[in-house]
Amino acid sequence: LNGNTYFLSFCNKTLTYYYISHISKFIEPGSIHIAHSKYISDLRMTSFKKKNGDIVIVMANSVHYNINVNICIGNQLLKDTIESDSIVTYIVKNS
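The following paragraphs examine the structure supplied in this document. Residue positions are given per chain, counted from 1 along the sequence in the order it is written. Local features are withheld for residues below a pLDDT of 70 in this predicted model, meaning they are given only at 70 or higher, and side-chain atom pairs are given and counted only at 80 or more; totals for whole chains, interfaces and linings count all residues. Only heavy atoms go into the side-chain values, all of them from the structure, while hydrogens and water stay out.

### Points about the nonpolar core
Put simply, the rule reads: Within this scheme, the nonpolar core is defined by two criteria: the residues are buried Ala, Val, Leu, Ile, Met, Phe, Trp, Tyr or Cys, and they are joined through side-chain atoms within 4.5 Å. Whether a residue is buried, partly exposed or exposed follows from its accessible area with a 1.4 Å probe, protein chains only, as a fraction of its type maximum: under 20%, in between, or over 50%, in that order. Only runs of H or I of at least four residues qualify as helices and only runs of E of at least two qualify as strands under DSSP, and these elements are numbered from the N terminus. Only heavy atoms matter for contacts: two residues are in contact if any of them lie within 4.5 Å across the pair.
Counting residues in hydrophobic clusters, the biggest one holds 11 residues: Leu 43, Met 45, Ile 55, Ile 57, Met 59, Val 63, Ile 67, Val 69, Ile 71, Ile 82 and Tyr 90. Of all the secondary structure elements, the ones that give two or more residues to this core are strand 2 (43–49), strand 3 (55–61) and strand 4 (67–73). Not counting chain neighbours up to four residues away, the residues in contact with Ile 82 comprise Leu 43, Met 59, Asn 61, Tyr 65, Asn 66, Ile 67, Val 69, Val 88 and Tyr 90.

### Some details on the sheet that holds strand 3
The criterion, for reference: Whether two strands pair comes down to DSSP finding at least two bridges between them. Orientation is described by axes fitted as lines to C-alpha atoms, over the contacting stretch for helices, and by angles from 0 to 180 degrees between their N-to-C directions.
Reading across from one edge, 1-2-3-6 is the order of the four strands in this open sheet, with antiparallel pairing throughout. Both outer strands of the open sheet, strand 1 (32–40) and strand 6 (86–92), are each paired with one neighbouring strand and no more. Each strand of the sheet is rotated relative to its neighbour by a mean of 15 degrees, with strand direction disregarded. Summarising the sheet, strand 1 and strand 2 pair through six bridges and their orientation is antiparallel. Directly across from Ile 32, in strand 2, lies its bridge partner Lys 49.

### A word on the side chain of Ser 86
The line we're drawing: Polar contact is defined as a pair of N or O atoms within 3.5 Å, subject to the rule that within protein one atom must be able to donate a hydrogen and the other to accept it, and that residues adjacent in sequence are counted only when both atoms are side-chain atoms.
Residue placement: Ser 86 occurs in strand 6. Here Ser 86 falls in the buried class, since its relative accessible area comes to 16%. A distance of 2.5 Å separates a polar side-chain atom of Ser 86 from the backbone oxygen of Glu 83.

Right under this line is the structure:
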């Protein structure tokens, strides 16, 4: 560094950054995109089916309040609350 000190003066990781991070962590190459939704403007969702048959669902809540969701897969229903300004990932195991 030739005697110079370099500082990262500002680093702002947005919700989109973390959304992409979840996708790259949980969704493997060869997975098939099976659904996406922006049913309401404040909640983004995408889902993929992995090679082993597991389904990965990633949801991002971009507002400052919690959002209740219902996820229906076949005859199973999952009810959950996505906390404000957060991202969640669900993995539905192939049985």
